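Here is what each chain is made of, one letter per residue.
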Number of protein chains: 2
Amino acid sequence: MQTELSRTLGIEHAVFGFTPFPAVAAAISRAGGFGVLGAVRYTAPDDLKRDLDWLDAHAGGRPYGLDVVMPAKKVEGVSEADVEAMIPEEHRRFVRDTLAAHGVPELAEGEAPGWRITGWMEQVARTQLDVAFDYPIRLLANALGSPPADVVTRAHDRDVLVAALAGSARHARKHQEAGIDIVVAQGYEAGGHTGEIATMVLTPEIVAAVDPLPVLAAGGIGSGPQVAAALTLGAQGVWLGSIWLTTTEADLHSPALTRKLLAAGSGDTVRSRALTGKPARQLRTAWTDAWDDPAGPGTLPMPLQGLLVAEAVSRIQKYEVEPLLGTPVGQIVGRMTAERSVQAVFDDLTRGFEQAVDRINRIAGRSGRS
Amino acid sequence: MQTELSRTLGIEHAVFGFTPFPAVAAAISRAGGFGVLGAVRYTAPDDLKRDLDWLDAHAGGRPYGLDVVMPAKKVEGVSEADVEAMIPEEHRRFVRDTLAAHGVPELAEGEAPGWRITGWMEQVARTQLDVAFDYPIRLLANALGSPPADVVTRAHDRDVLVAALAGSARHARKHQEAGIDIVVAQGYEAGGHTGEIATMVLTPEIVAAVDPLPVLAAGGIGSGPQVAAALTLGAQGVWLGSIWLTTTEADLHSPALTRKLLAAGSGDTVRSRALTGKPARQLRTAWTDAWDDPAGPGTLPMPLQGLLVAEAVSRIQKYEVEPLLGTPVGQIVGRMTAERSVQAVFDDLTRGFEQAVDRINRIAGRSGRS
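Residues numbered from 1 in each chain as written. Chains lettered and ligands numbered in written order. Predicted model: local features only at pLDDT ≥ 70, side-chain atom pairs only at ≥ 80, totals over all residues. Heavy atoms only, no water.

Chemist: Help me get a handle on the packing of aromatic side chains, residues and values and all.
Modeler: According to the stated counting rule, one finds 11 aromatic pairs over all chains in the structure shown. Ring geometry for A:Phe16 against A:Phe34: centres 5.2 Å apart, planes inclined by 40°, an arrangement best described as tilted. With A:Phe16 in strand E1 (residues 15–19) and A:Phe34 in strand E2 (residues 34–38), the pair connects residues that are 18 residues apart, well separated along the chain. Taking the centre distance of 6.1 Å and the plane angle of 15° together, the rings of B:Phe18 and B:Trp239 count as stacked. Here B:Phe18 is found in strand E1 (residues 15–19), whereas its partner B:Trp239 is found in strand E9 (residues 237–240), with 221 residues between them in sequence. (Phe/Tyr/Trp six-rings, centres within 6.5 Å; stacked < 30°, edge-to-face > 60°. Helix = DSSP H or I, 4+ residues; strand = E, 2+ residues; numbered from the N terminus.)

The following block contains the structure:
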């Protein structure tokens, strides 16, 4: 599974795996893919440093990358406290009432929320970058628009490729103008922040829009035939996030959440603003239903919503309150029916890819294997 | 582009084209695909008979089929007038006000709406079938659930294959239990009635769910690489509807609508209940916005909504009131940028398919052409 981009990066398979877990990222790179560690949950630079040390030591000398969430627009001189102050009391009450209705216990006194979204804020992302550039990362991905120009320059000075997610051709062309090297075409069916255009339509549209930039297809990909389909559409690789959540290397800290993921079908996700204020695909839960209910107060814009719900999400996760328990995940969750190792996922992807190529060759009336 | 199903039907390319226009259906079959005439707009049996006569004479002896819209659930003893009486006055007023706000003229006195949705009603569909079974159709497709058991039996007695659209694996399995021969996996990005699961995820899911029944992939397909991708995912053919709307053989009776279709991007559609009461993807217009506006009365359930808006849609179409003018169409509308003949579309599909197969063979490290 070799494309120009995979050859540039020196990887065996054009499969890019995004994950918040260093053990998963390392296993992806060791399996011949390209592991990308999501940095958004690292609020403390030392935590990121510790995990990058580990990842670097366990990636088997294979290349890996980092994913940050950095808004292109700078918000100058606004502190987290200033933003907190913009949250209406009605919304705070709705959070309290919804948690109370489900009997969600409080955190212990002095206990910090384990889940924070301050990584959305530029100063946090910049601190993460200061740490990350001390490591031999080969790729820096940004999940929220093009990174600022100085960050792109800094990456290029260190021979780090810069990738950015896009949900439309217009968005992708903006990335190209900003000097981005790789566009991740994030289809409607993907987990996390996503637009409304499905992978089947979005991938070739973005490929044509930013030619000759390489495009990674994201959204709806978790099997070998889906990898083959995405590459057939013109992508130079695939970007998989959801599929790793139920690998044995993943560390969700929640058996209940793993059970929910394994049980969920492709129709059990929703594109909701409940988590961050922007539409993000996630498991549909009583929590997303509450926020999406027209009878409720509705969600706040980013970054208010993320700050508003941070402590609540931590409590839901800590106490595994099942009806409310969710996570960003794509429609491919319907295929995630058993815990497997990252290597087993790769074996399945590569075997399924070869079978799919056999199939399309038969349909095309070609002999197939050379 | 040959699959088991295309060989069964004796067609050259596993491309099924759904269209309301006999000239398009005939051209699809002549080009080596399988033309399927949509029957929903035929309220008078003689009109359908006339057009099937024409289609049969112009399909070049190639096979073709018919698509009806027949609800699986029978509504006994309810007339159109009974249904009309269930429409609230608030909704009728909203239609009048919305049309008035855009200065839409009235139809001439005694002029019947050209666009009717009574084809949704079982008695109309049965009359259509009485006509169609006198022709050598090879396929009967139903766009709304499994057809009733006696219709399936009647089709099978005449060696007519029965296809039904499905938006989920559960829905597809119901079709299989009802004795359907072919499932059309209708992805989120498709035009017309569609569910929320995108083609990339839905196609392999339905292929696995109804194995060994053949599956046609629908939604987001309008180029050779998209055809190749869909077949790579396990489909035995593709089902294309939108792409024919801007062919030279299509007869939209509206230069303004053709212009809107050619100008629309992939993000200019919406999944709205405005047309039929069930979510159907269509061009986003001031009309769909009005119905989807939380400040308005909202849509009525099927079949009320279709009856409610029939005359209004006719007036909008007749007078080509541009802000309100729309049509069911999929996200692939972004690729429909020039009027082309059906044959030119086929040439593009087959050439693009071969190039896509070349591409995936290069990526797989195979020599490609045998």
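From this point, the discussion proceeds with the structure in view.
Chemist: Help me get a handle on helix H6 (residues 122–132) of chain B, residues and values and all.
Modeler: Listed as buried for H6(B) are B:Glu122, B:Val124, B:Ala125, B:Gln128, B:Leu129, B:Val131 and B:Ala132. Taken together, the buried residues of H6(B) touch helix H3 (45–58), strand E3 (64–68), strand E4 (139–142) and helix H7 (149–157) of chain B. (Buried < 20%, exposed > 50% of the residue type's maximum accessible area, 1.4 Å probe, protein only. Contact = heavy atoms within 4.5 Å.)

Chemist: Quick one: what's the story with the environment of B:Glu189, residue by residue and with numbers?
Modeler: Summarising the element assignment, B:Glu189 is placed in the loop between strand E6 (182–186) and strand E7 (192–193). On the basis of relative accessible area, B:Glu189 is assigned to the buried category, the value being 0%. Taking the C-alpha atoms as reference points, B:Glu189 and B:Asp46, 143 residues apart in sequence, are found 34 Å from one another. With residues up to four places along the chain from it excluded, the contact list for B:Glu189 reads A:Ala198, A:Met200, A:Val201, B:Ala198, B:Thr199, B:Gly219, B:Gly220, B:Arg281, B:Gly330 and B:Gln331. A polar contact is formed between the side chain of B:Glu189 and the backbone nitrogen of B:Thr199, at a distance of 3.0 Å. (Polar contact = N/O pair within 3.5 Å; in protein donor to acceptor, adjacent residues only side chain to side chain.)

Chemist: Hey, could you go over the packing of helix H5 (residues 89–101) of chain A against helix H13 (residues 304–318) of chain A for me, with residue numbers and the actual values?
Modeler: All names here are of chain A. Relative to each other, H5 and H13 sit at 10°, their axes nearing to 10 Å. Viewed along their axes, H5 and H13 adopt a mutual orientation that is roughly parallel. Two secondary-structure elements touch here, H5 through His91, Arg92, Val95 and Leu99 and H13 through Leu308, Ala312, Arg315 and Ile316. (Axes fitted to C-alpha atoms, helices over the stretch in contact; angles between N-to-C directions. Parallel < 35°, antiparallel > 145°, perpendicular 65-115°, else oblique.)

Chemist: Can you lay out the pattern of salt bridges for me, pointing to particular residues and giving the numbers?
Modeler: This structure, assessed with the given rule, holds 32 salt bridges over all chains. Among the salt bridges present, the one from B:Arg271 reaches B:Glu196, with a minimum N-O distance of 4.0 Å. Note that B:Arg271 is positioned in strand E10 (residues 269–272) and B:Glu196 in the loop between E7 and helix H9 (199–210), a separation of 75 residues in sequence. Note on B:Arg271: relative accessible area 27%, which makes it partly exposed. Through salt bridges with shared partners, a single network forms among A:Arg41, A:Asp47, A:Arg50 and A:Asp51. (Salt bridge = Lys/Arg side-chain N within 4 Å of Asp/Glu carboxyl O.)

Chemist: I'd love a proper account of the relation of the copies chain B and chain A, names of residues and values included.
Modeler: When chain B is brought onto chain A, the operation consists of a screw motion whose angular component is 180° and whose axial shift is 0.0 Å, with 0.0 Å RMSD remaining. Viewed as a symmetry operation, the transformation between the two copies matches a two-fold axis. Residue B:Ala229 of chain B places its C-alpha closer to the rotation axis than any other residue of that unit, at 2.1 Å. A high fraction, 100%, of the interface residues of chain B reappear at the interface in chain A, so the copies pair face to face through one surface. (Least-squares fit on C-alpha atoms with pLDDT ≥ 70 in both.)

Chemist: Which residues make up the sheet that holds strand E11 (residues 280–283) of chain A, and what values do they have?
Modeler: Residues and elements named next belong to chain A. Spatial ordering of the open sheet is given by E7-E11-E10, a layout of three strands whose pairing is antiparallel. Both outer strands of the open sheet, strand E7 (192–193) and strand E10 (269–272), are each paired with one neighbouring strand and no more. Relative to E11, E10 runs antiparallel, the two being bridged by four bridges. Within E11, the residue paired with arginine 271 across the bridge is arginine 281. (Pairing = 2+ DSSP bridges.)

Chemist: Any details on the interface of chain B and chain A? Residues and values, ideally.
Modeler: Each side of the interface is counted separately: chain B has 47 residues, and chain A has 47 residues. Summed over both sides, the interface between chain B and chain A buries roughly 3,700 Å², with carbon and sulfur atoms accounting for 58% of that surface. Contact with chain A buries surface across chain B, with B:Met200, B:Thr232 and B:Arg366 losing the most and accounting together for 21% of the total. Between B:Glu354 and A:Arg366 there is a salt bridge; the shortest N-O distance is 2.6 Å. Along the contact surface separating chain B from chain A lie 22 residue pairs in polar contact (both at pLDDT 80 or more). Counted by class, the side of chain B that touches chain A contains 21 nonpolar, 17 polar and nine charged residues. (Buried area = accessible area lost by both parts, 1.4 Å probe. Nonpolar A, V, L, I, M, F, W, Y, C, P; charged D, E, K, R; others polar.)

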